[in-house]
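Residue-level structural notes
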Amino acid sequence: MAVPRKGKQRKKEQSEYFFDYSLLFIVLFLLGFGLVMIYSASSYNAFEEFEDTAYYLKKQLVAVIVGLVAMIVAANFDYRRLAYLATLGYVGSALLIPAVLSPLGVESHGAKRWIRIPGIGFNLQPAEVAKVGMILFLAVLVCKMGKGIRTFKGFCVMVAFPLPIAAEIYLITQNMSSAIIILGISVLMVFVASPDYKKFVIMGLLVVAVAAVVIYLVVSGSDFLAFRGNRIRSWLDPESDPTDTGFQTLQGLYAIGSGGIWGKGLGQSMQKLSFLPESQNDMIFSIICEELGLFGAVAVILMFIMLLWRMMVIANNAPDLFGAMLVVGVMGHIAIQAILNIAVVTATIPNTGISLPFISYGGSSVLFLLIEIGIVLSVAKRIQLKEL
């Protein structure tokens, strides 16, 4: 057998594309777990209102199936082509939000936040569209500005663009949580693109100062925040009004405390029996704590941490800046929303309506979250793994 001479043997470079099965598994796990918890949390109220214990489960299951199809389409779509839709996404969001005031607007809990889509029985929440549109628009803007984003002018431009959309969401739909998420996504994307700690420290101090002033005015009896001021007062002292503004906070805390370490068991919650409002939606983490205990709560938090870690890996290895910024935007959206939801449920911050990603009931939320995951998978698929 002929032995190849030293130096004559060449190693062929091979390349293959990456697919993050870990990310996909975590998302599917959260979706499946969410469906189980939605049924557990809503079965009693669903039977009382609609005589069907699986009413909310069926509606969420349809949204999940449609979302998974949209995720597959987005994952197989070249994310680089999305850059052409950035301006349309921004302008479309700005025009779609006021549509809730039209005859197609759907009112719930005293606020119009949804648009009825005729013929299919689906209600679209423009705030969810705006989150995806803002991620896409800012990712393109970062790429176009380049090093200019590190200047003070560039920083102001990046921060200014999200303000009109956030203001629309807050003023028109009365959805403060979504407005905060829009601004939070923007700040995180700007920080990653231009990690100038001084600017963000100053911004953080200003936010803390404004929050302190607001809390002081509310405590002193000022009514300039109307019903949101009542929420802050009930957050500071929920037992001062246990039957009205402090009711949901107290019931949520009762659920968390009664679960102990291991919980009462799946389906054994007492607070879901018409005691805890929005048990299948904003307050579903309380039901998780009650039925599955501290163990279940920590497990859910760990799953979110693993999800964010996988997205961080994808962002660090993205083929280009545009792909990296898209993943950072999605990561910021999920992280901020999960943190705010858990903070509200545990009374760490004042009560505001916000769902737990992939787990809480809500068709628009899960649909657009899965589209965002599809975009992340599209970026991941174009990461080349080279072997020598």
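See the structure above.
Bear in mind the structure is a predicted one, so any value in this text is a computation, not a measurement.

Turning next to the overall build of the chain. In terms of helices and strands, the chain carries 13 helices and five strands. In terms of overall size, the chain behaves like a compact globule, its C-alpha atoms giving a radius of gyration of 23 Å where 388 residues would be expected to give roughly 21 Å. Within the chain, contacts between residues at least 6 apart in sequence are counted, and of these 71% link residues at least 24 apart. Counting only carbon and sulfur atoms, one obtains 67% of the accessible surface of the chain, whose full area is about 19,700 Å².

Spatially, β2-β3-β4 is the arrangement adopted by the three strands of the open sheet, whose pairing is antiparallel. Only two strands of the sheet have a single partner each, and these edge strands are β2 (105-108) and β4 (122-124). The average undirected angle you get between the axes of adjacent strands in this sheet is 45 degrees. Note that strand β3 (residues 111-117) and β4 share three bridges and pair antiparallel. Looking across to β4, one finds that I115 is bridged to L124.

Close approach of charged atoms allows side chains of opposite charge to pair. Considering all chains together, one arrives at seven salt bridges under this definition. For the salt bridge of K58 with D52, the shortest nitrogen-to-oxygen distance reads 3.1 Å. What makes K58 partly exposed here is its relative accessible area of 47%. For D52, a relative accessible area of 22% puts it in the partly exposed group. Among the ionic pairs, E290 bridges to K264, the shortest N-O distance being 3.0 Å. A residue pair is termed long-range when its members are at least 10 positions apart, and E290 in helix α11 (residues 284-316) and K264 in the loop between α10 (247-259) and α11 qualify at 26 residues. Residue class for E290 comes out buried when judged on its relative accessible area of 0%. One connected set of salt bridges, linked through shared partners, spans D78, R80 and R382.

With respect to the helices and strands, the residue T249 is situated in helix α10. On the accessibility criterion, T249 (9% relative accessible area) is buried. Sequence-distant contacts of T249, that is, excluding residues within four places in its chain, are made with P238, A347 and N351.

Rules and cut-offs
Residues numbered from 1 in each chain as written. Predicted model: local features only at pLDDT ≥ 70, side-chain atom pairs only at ≥ 80, totals over all residues. Heavy atoms only, no water. Helix = DSSP H or I, 4+ residues; strand = E, 2+ residues; numbered from the N terminus. Rg over C-alpha atoms; globule rule 2.2 N^0.38 Å. Contact = heavy atoms within 4.5 Å. Areas by Shrake-Rupley, 256 points an atom, 1.4 Å probe, with all protein chains shown as cover. Pairing = 2+ DSSP bridges. Axes fitted to C-alpha atoms, helices over the stretch in contact; angles between N-to-C directions. Salt bridge = Lys/Arg side-chain N within 4 Å of Asp/Glu carboxyl O. Buried < 20%, exposed > 50% of the residue type's maximum accessible area, 1.4 Å probe, protein only.

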